[in-house]
Amino acid sequence: MSSQPNQSLIDGIRCLQYLISSGRAIGCRELARLMGINTTRVNRLLMTMASIGLTMQDEQRRYLPGPGIHALAAQTIRGSALFSHALPILERAAPGDLVVAVGVLWEDQVIYIWHSEPGSKMSQALAGFHMLPAWQSVIGMSLLADESDEILQQRFSPEQWQQLAPHVQQQREKGHVVWHHSDGEVSMAQPLGEHSAALAFAGMWNPEPGEVERRQQSLHELARMLIKPS
């Protein structure tokens, strides 16, 4: 049996992820451009997934997630150790006066599992935020630190790498990232061990002396709670 990865399976999963992440109906040509593969191949993949209910078409023959996505989502939540362990803790212990997020990396994008804002409900926090390019996210900066500088410089433009580099180095040296934005906001993130995810706090505007250090300690304590013992 060949040990090579099955490219058709890889492309199918990527296609579905790009479709879902777009947040709107999308045509084959646009999806092919996003994925960097042939339009005919994307059309075949989408039609195949439509046959099992994972995609569907609108009146303009653009594609949308199909009803099978609901079953897949429910099964994924039940099968995720991170979801089942972290959600009750986040609901109970996440600070209510900050933006609190948990995200994972996918193709240099951060996908948010949890993103709560002050006053938001749990239903709004669950996967309720669009994905962000990793170089624009404190979670992305924290998780990208596992990659070598050589690999990262190949994947990101010089301007993106200029923003990433100091935060990636901070993660490697200190085990967390604290990002002081030019507009006065401070955000911070810390990886969640074997889950390949990270926890972040954001929405701290022009913090008082000592607040950043206090929030770092709270971030560390919540992250420790979220890292399920082996």
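Residues numbered from 1 in each chain as written. Predicted model: local features only at pLDDT ≥ 70, side-chain atom pairs only at ≥ 80, totals over all residues. Heavy atoms only, no water.

(A) Highlighting the UniProt feature "domain: HTH iclR-type" (unreviewed entry) in the chain. Using the residue numbers shown here, the UniProt feature "domain: HTH iclR-type" (unreviewed entry) corresponds to residues 6-67. Along residues 6-67, the helical share is 58% and the strand share 10%, with 26 Å between the first and last C-alpha atoms. (UniProt positions renumbered as here; feature names shortened; annotations may be inferred. Helix = DSSP H or I, 4+ residues; strand = E, 2+ residues; numbered from the N terminus.)

(B) Highlighting the sheet that holds strand E7 (residues 185-191). Pairing is antiparallel in the open sheet, where six strands are placed in the order E5-E4-E3-E8-E7-E6. In the strand order of this sheet, the two ends are held by strand E5 (132-133) and strand E6 (177-180), each with one partner. With six bridges connecting them, E7 and strand E8 (residues 197-205) associate as antiparallel partners. For glutamate 185, the partnering residue across the bridge sits in E8 and is tryptophan 205. Packing of helix H9 (residues 158-174) onto the sheet brings it into contact with E6 and E7, and relative to E6 it is tilted by some 145 degrees. (Pairing = 2+ DSSP bridges. Contact = heavy atoms within 4.5 Å. Axes fitted to C-alpha atoms, helices over the stretch in contact; angles between N-to-C directions.)

(C) Representation of the layout of surface pockets in the model. Considering only enclosed or pocket space, the largest pocket measures out at about 1,100 Å³ in volume. Lining the largest pocket are 32 residues, with Gln17, Ile20, Ala73, Thr76 and Ile111 positioned closest to its centre. Broken down by secondary-structure element, the contributors of at least two residues to the lining of the largest pocket are helix H1 (7-22), helix H3 (39-50), helix H4 (68-79), helix H5 (81-93), strand E3 (99-106) and strand E4 (109-116). Per-element accounting of the lining of the largest pocket gives the leading share, eight residues, to H1. Grouping the amino acids of the lining of the largest pocket by side-chain chemistry returns 24 nonpolar, eight polar and no charged. Its boundaries defined by the atoms lining it, the second largest pocket holds a volume of some 250 Å³. (1 Å grid on protein atoms, 1.4 Å probe; cavity = no way out; pocket = protein on both sides within 12 Å on 5 of 7 lines; lining within 4 Å. Points joined across faces, edges and corners; volume = space filled by probe spheres on them. Nonpolar A, V, L, I, M, F, W, Y, C, P; charged D, E, K, R; others polar.)

(D) Up close: the pattern of salt bridges. The tally for this structure, following the rule as stated, stands at nine salt bridges. Taking the shortest distance from any N to any O, the salt bridge between arginine 14 and glutamate 107 comes out at 2.5 Å. Of the two residues, arginine 14 sits in helix H1 while glutamate 107 sits in the loop between E3 and E4, which places them 93 residues apart along the sequence. One salt bridge connects arginine 155 with aspartate 108, and the closest N-O pair in it is separated by 2.4 Å. Taken as a pair, arginine 155 in helix H8 (residues 149-155) and aspartate 108 in the loop between E3 and E4 lie far apart in primary sequence, 47 residues in all. When its relative accessible area of 21% is taken as the criterion, aspartate 108 is described as partly exposed. If you follow the salt bridges from partner to partner, you end up with Asp97, Glu211 and Arg215 in one network. (Salt bridge = Lys/Arg side-chain N within 4 Å of Asp/Glu carboxyl O. Buried < 20%, exposed > 50% of the residue type's maximum accessible area, 1.4 Å probe, protein only.)

(E) Highlighting the side chain of serine 142. Note that serine 142 resides in helix H7 (residues 138-144). The class for serine 142 is buried, based on a relative accessible area of 1%. Setting aside residues no more than four positions away along its own chain, serine 142 makes contact with Gln171, Val177, Ala189, Gln190, Pro191 and Ala198.

(F) Representation of the packing of H1 against H3. Between H1 and H3, the least distance of the axes is 10 Å, while the angle of their chain directions is 80 degrees. When the axis of H1 is compared with that of H3, the two are roughly perpendicular. Residues Gln7, Ser8, Asp11, Gly12, Cys15, Leu16 and Leu19 of H1 form the contact with H3, whose own contacting residues are Arg41, Val42, Leu45, Leu46 and Met49. (Parallel < 35°, antiparallel > 145°, perpendicular 65-115°, else oblique.)

(G) How the structure looks around the pairing of E7. Counting buried positions over the seven residues of E7 gives six, a clear majority of the element. Pairing of E6 with E7 involves four bridges; the strand directions are antiparallel. The partner of valine 177 across the bridge, within E7, is alanine 189. What sits between E7 and E8 in their antiparallel hairpin is a turn of five residues, with glycine 193 showing a positive phi close to 60 degrees.

(H) Structural detail: helix H10 (residues 211-226). In this model H10 runs 22 Å from its N-terminal to its C-terminal C-alpha over 16 residues, within 8% of the 22 Å that 1.5 Å per residue would give. Among all positions of H10, only Glu211, Val212, Arg215, Leu219, Leu222, Ala223 and Leu226 are buried. Seen from one end, H10 has its buried residues packed into an arc of 105 degrees, which puts them on one side. With respect to the buried face of H10, the exposed residues turned more than 90 degrees away are Glu213, Arg214 and Arg224. Close packing links the buried residues of H10 with H5, E3, E6, E7 and E8. (Expected span 1.5 Å × (residues − 1). Arc of directions from axis to C-beta.)

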